[in-house]
Amino acid sequence: MKNSNTLYAFYDLVASPISYDFVAFLVCSETARIENKLELVHVVIVPVEEGVGHQDNTQFSFDHAVWRLHNIVFPLCKMLPSCKGLTLCSSRDQAAELLDLYGEHRFPVGYTIDEPIVRHHTGWTVLPAHKGVVQFYLKATNEARSYARQWIEQHAHGRKVVAITLRESRFTNSRNSDPKVWSELARQLTAEGYFPVVLRDIDSALDSPPPPYQGLTMFPEGVFNLELRMGLYEESHICLFVANGPAQVCFYNKNVNFLYQVTGDWLEEVPSPFNRIGIDFGETPPLAHKFQRWIWQRQDADVLMTEFRKLSADIEASIKYGSYESCQEPIAENQLEISFLAKRFVDWASSNFFASPQEIELAEACYEDEPPRDFVGKEKLSHLAYKALVNGDRTAASEHLQALDDKFGLTVDQCVKLAVVCEAMDEIGRAVTLYERAIEEGENTPAVFFRLAIAYKKNQQTIEAIKLFELMIEKGAHSKLVTFELGCLYAESQPPEAVIQFYNTWRDKGIISLEIESHKLELSQQIQNDPSASG
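Note that this is a predicted model, so its numbers are computed, not measured.

Before going further, it helps to spend a moment on the overall build of the protein. Counting its regular elements, the protein contains 22 helices and 10 strands. Whereas a compact globule of 535 residues would reach a radius of gyration of roughly 24 Å, the protein reaches 25 Å, a difference of no more than 12%. Viewed in the frame of its principal axes, the protein has a C-alpha envelope of about 65 × 60 × 55 Å. Relative to its full complement of 535 residues, the protein shows a buried share of 52%. Relative to all contacts within the protein whose residues are 6 or more apart in sequence, the contacts with residues 24 or more apart total 69%. Summed over its atoms, the accessible surface of the protein is roughly 25000 Å², and 50% of this surface lies on carbon and sulfur atoms.

So, in structure tokens, the structure goes:
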């Protein structure tokens, strides 16, 4: 019998990862349920066929993938009060049967087994937040909070708990917690009368803590039980995170007060990779309330302690004056004009030659919300060019931007857009001219310098490319991408051992990546195969 009051949310592992990204899908499902005035959400997990699936899932064995489903995806469903059903399909055929039975109210809209639709991208929650949609849908279960309180009573001895969640991953380790910083912060917190509790990364949670963390209280129980983890977060005075999965869950839980330390490439790359989900450097997204704050500085114990004291004082003051609950509403001042947000998504898509469909879809979703307008002259050509960019029509975008340039001239931003389009259409010489023009007219962002250097490389202007990459490094662009590209160019004219030394110099300064290490291995093999190459 069909349930007309239930939204069936299909999470398809062909197109979506088994990770904390699921939380964005879950939140989007709840928004859809509310918009459609339905009562319940039923999550349907659609399995992959053999050898097919989202690229992030390929790094796991089958057994570990199942473990992640049971320990990340399933517990998250329990944190959404309206989610009263969960089905893990045994086959895609079974999922198709459920879709036939219950597809009247399906999410995502238009989802089919043959053509899955992706909605795990965090941008799909950032966009409605900019429209004023409150998405604090998640919360710990009552039992989880009860057990967390029991543990706290036995260990904290009346002190306020500060939960510190570490990242100690083997991949993208630049995002990891700095042990010296976080252990020092924990000791400062202890000295001021707080009770810091450390939750380590899951792969190291059962190991003896490394020297910097020895003597601190660990909470491995919460690392392996997501419900208990969330219960502890809600019972804590303040939670402290770097860029990691558990923090994502707290974005949608108003009961968790936190400081979110941006780390690694999220902090250092320009533009920040957060741009792809609609967040720019220095911003706190409009998902957050007054006691949920982002820190855009390098990890530093004193900085963190200062921000902690400010947050703690604000929490205490709000409790004292009876304003705590009103402070748990998202901060409207953090909302952007939707057209500005759309431009951000288009910029990210264009920087990737429009090969990122999610950002293009997000830009389209922004554009759909703009009221109809009559466009004339310069504004009309700008509008047509923008629309073509959103739709991924490079030829039309190029034509409209060129017409705009011929009649009215281009802004610096439009000049860069046209250069990116030309580069994507393999009109490299034209792209070089446009990038150079934009820089001459005042564009000085590292991203544009990087694009020009790449265009030089593609246009066989190797000397110009090397000089520009070296200039970027001289000006402080200590980037994995710049280092790798410059190393590849050096390898065309310098001995392999010189290039390896170049890479090693920057490795000692914290610049390391899989591409760099692979290139070093290739260079080492060249030396082994041809010793004369080292001379």
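Read on for the rest.
Before going further, it helps to examine the packing of aromatic side chains. Tallying each qualifying case throughout the model produces 25 aromatic pairs. Look at Phe291 and Tyr324: their rings are 5.4 Å apart centre to centre, the planes differ by 20°, and that puts the pair in the stacked class. Of this pair, Phe291 sits in the loop between α10 (265-268) and β10 (292-295) while Tyr324 sits in the loop between α11 (301-320) and α12 (338-351); the two residues are 33 residues apart in sequence, bridging distant segments of the chain. Residue Tyr324 is classed as partly exposed on the basis of its relative accessible area of 22%. Pairwise contacts between aromatic rings join Tyr233, Phe241, Phe251, Tyr252, Phe258, Tyr260, Trp266, Phe274, Phe281, Trp294 and Trp296 into one cluster. Arg119 extends its terminal NZ or CZ atom over the ring of Trp124, reaching a point 3.8 Å from the ring centre. The positively charged end of Lys509 is found above the aromatic ring belonging to Trp506, 4.3 Å away from the centroid.

The subject of this paragraph is unusual backbone geometry. The amide bond that connects Phe107 to the next residue, Pro108, takes the cis arrangement and shows omega of -5°. Along the chain, Pro108 falls in the loop between β4 (106-107) and α4 (123-130). Although it is not a glycine, Lys37 sits at a positive phi angle of roughly 55°. Tracing the chain through its elements places Lys37 in the loop between α1 (22-35) and β2 (40-46). Phi is positive for Asp426, close to 65°, though the residue is something other than glycine. As for its position among the elements, Asp426 is in the loop between α16 (412-424) and α17 (428-440). According to the relative accessible area criterion, Asp426 is exposed, its value standing at 60%.

This next bit is on the sheet that holds strand β5 (residues 161-165). What the 6 strands build is an open sheet, ordered β7-β6-β5-β8-β9-β10; its pairing is parallel. Here the strands that pair on one side only, and so sit at the sheet edges, are β7 (217-218) and β10. Bridge analysis of β5 against strand β6 (residues 195-199) gives 5 bridges, and the strand direction is parallel. Its bridge partner being in β6, Ile164 is matched across the sheet by Val198. Each of β5, β6, β8 (238-242) and β9 (258-261) is contacted by helix α6 (residues 179-191), which is oriented at about 170° to β8, the strand it contacts most.

The strand order across the open sheet built from 4 strands is β3-β2-β1-β4, with neighbouring strands paired in parallel fashion. Looking at the sheet topology across the chains shown, the edges are occupied by β3 (83-88) and β4. Lying on the sheet, α1 is in contact with β1 (6-12), β2 and β4; it crosses β1 at an angle near 155°. Its contacts with the sheet put helix α3 (residues 92-102) on β1, β2, β3 and β4, and the angle it makes with β1 is roughly 155°.

About the criteria used
- Residues numbered from 1 in each chain as written.
- Predicted model: local features only at pLDDT ≥ 70, side-chain atom pairs only at ≥ 80, totals over all residues.
- Heavy atoms only, no water.
- Helix = DSSP H or I, 4+ residues; strand = E, 2+ residues; numbered from the N terminus.
- Rg over C-alpha atoms; globule rule 2.2 N^0.38 Å.
- Buried < 20%, exposed > 50% of the residue type's maximum accessible area, 1.4 Å probe, protein only.
- Contact = heavy atoms within 4.5 Å.
- Areas by Shrake-Rupley, 256 points an atom, 1.4 Å probe, with all protein chains shown as cover.
- Phe/Tyr/Trp six-rings, centres within 6.5 Å; stacked < 30°, edge-to-face > 60°.
- Lys NZ or Arg CZ within 6 Å of the ring centre and 35° of its normal.
- Pairing = 2+ DSSP bridges.
- Axes fitted to C-alpha atoms, helices over the stretch in contact; angles between N-to-C directions.

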